Amino acid sequence: MWKEKAIERLKESGYKLTPQRLKLVEILDRIGDEHPSLKDILNEIKAEFPTMSFSTLYSNVLTLRELGLLELFSLDGETRVELNTEPHINLISGGKVIDFNDPEIIERIREKTGRNVKLVNVLVE
């Protein structure tokens, strides 16, 4: 479902569906729920497109972010991809990230900070 939405939004916005861009969308659709790092994504893409650079990947990820298809966050010094663009909480334990949706907690954080909440990362031991 995310893949179809991404392809449609890219087309509507006038972006070409290059083989590399399409591969990125396919990879994100397959492993996006795991909150992969950009390094993990690049390794997957390089299996098929060995000359693809990190800067090309990054610019394409930023394009997807600008189109509202994903968010980025940092974990242990790595940039991770978040496909869930609704306000939510990431529970982080042992390098794994689990989405936790609780509108009441999100609303309380918004009230407390006076700011809109996009993403809250919580480290759990």
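Residues numbered from 1 in each chain as written. Predicted model: local features only at pLDDT ≥ 70, side-chain atom pairs only at ≥ 80, totals over all residues. Heavy atoms only, no water.

Before going further, it helps to examine the environment of Leu17. By the secondary structure assignment, Leu17 is in the loop between helix 1 (2-12) and helix 2 (19-31). Here Leu17 falls in the partly exposed class, since its relative accessible area comes to 30%. When near neighbours in sequence (up to four residues on either side) are disregarded, Leu17 contacts Ile7, Leu10 and Lys11. (Helix = DSSP H or I, 4+ residues; strand = E, 2+ residues; numbered from the N terminus. Buried < 20%, exposed > 50% of the residue type's maximum accessible area, 1.4 Å probe, protein only. Contact = heavy atoms within 4.5 Å.)

Looking now at the sheet that holds strand 5 (residues 119-123). Read across the sheet, three strands follow the order 4-3-5 without closing on themselves; strand pairing throughout is mixed. The two strands at the open ends of the sheet, each matched to only one other strand, are strand 4 (96-100) and strand 5. Each strand of the sheet is rotated relative to its neighbour by a mean of 25 degrees, with strand direction disregarded. Pairing analysis gives five bridges linking strand 3 (residues 88-93) to strand 4, with the strands arranged antiparallel. The residue bridging Asn90 from the neighbouring strand is Asp99, located in strand 4. Along the sheet face, helix 5 (residues 103-113) touches strand 3, strand 4 and strand 5 and points at about 105 degrees away from the line of strand 3. (Pairing = 2+ DSSP bridges. Axes fitted to C-alpha atoms, helices over the stretch in contact; angles between N-to-C directions.)

Between helix 1 and helix 2, whose axes approach to 9 Å, the crossing angle comes to 150 degrees. By the angle between their directions, the pair helix 1 and helix 2 is classed as roughly antiparallel. Judged by the sense of rotation from one axis to the other, the crossing of helix 1 with helix 2 is right-handed. Listed contacts from helix 2 to Trp2, Lys3, Ala6, Ile7 and Leu10 of helix 1 are Arg21, Leu22, Val25, Glu26, Leu28 and Asp29. Broken down by class, the residue content of the contact of helix 1 with helix 2 amounts to seven nonpolar, no polar and four charged. (Parallel < 35°, antiparallel > 145°, perpendicular 65-115°, else oblique. Left-handed = near helix turned anticlockwise from the far one by under 90°. Nonpolar A, V, L, I, M, F, W, Y, C, P; charged D, E, K, R; others polar.)

This brings us to the domain arrangement of the chain. In terms of domain boundaries, the chain breaks down into domain 1 (2-82) and domain 2 (88-123). Taken over C-alpha atoms, the centre of domain 1 sits 23 Å from the centre of domain 2. At the interface, eight residues of domain 1 touch 10 residues of domain 2. A buried area of about 650 Å², summed over both sides, lies between domain 1 and domain 2, and 57% of it is on carbon and sulfur atoms. The interface formed by domain 1 and domain 2 holds one salt bridge in total. Residues Glu71 and Lys118 are paired through a salt bridge, measuring 3.3 Å at the closest nitrogen-oxygen approach. Our count for the domain 1 to domain 2 interface comes out at five residue pairs in polar contact (both at pLDDT 80 or more). Contributing elements (two or more residues each) for the side of domain 1 that touches domain 2: strand 1 (71-75) and strand 2 (78-82). Here the element with the most residues in the side of domain 1 that touches domain 2 is strand 1; it accounts for four residues. (Domains from an automatic or database assignment. Buried area = accessible area lost by both parts, 1.4 Å probe. Salt bridge = Lys/Arg side-chain N within 4 Å of Asp/Glu carboxyl O. Polar contact = N/O pair within 3.5 Å; in protein donor to acceptor, adjacent residues only side chain to side chain.)

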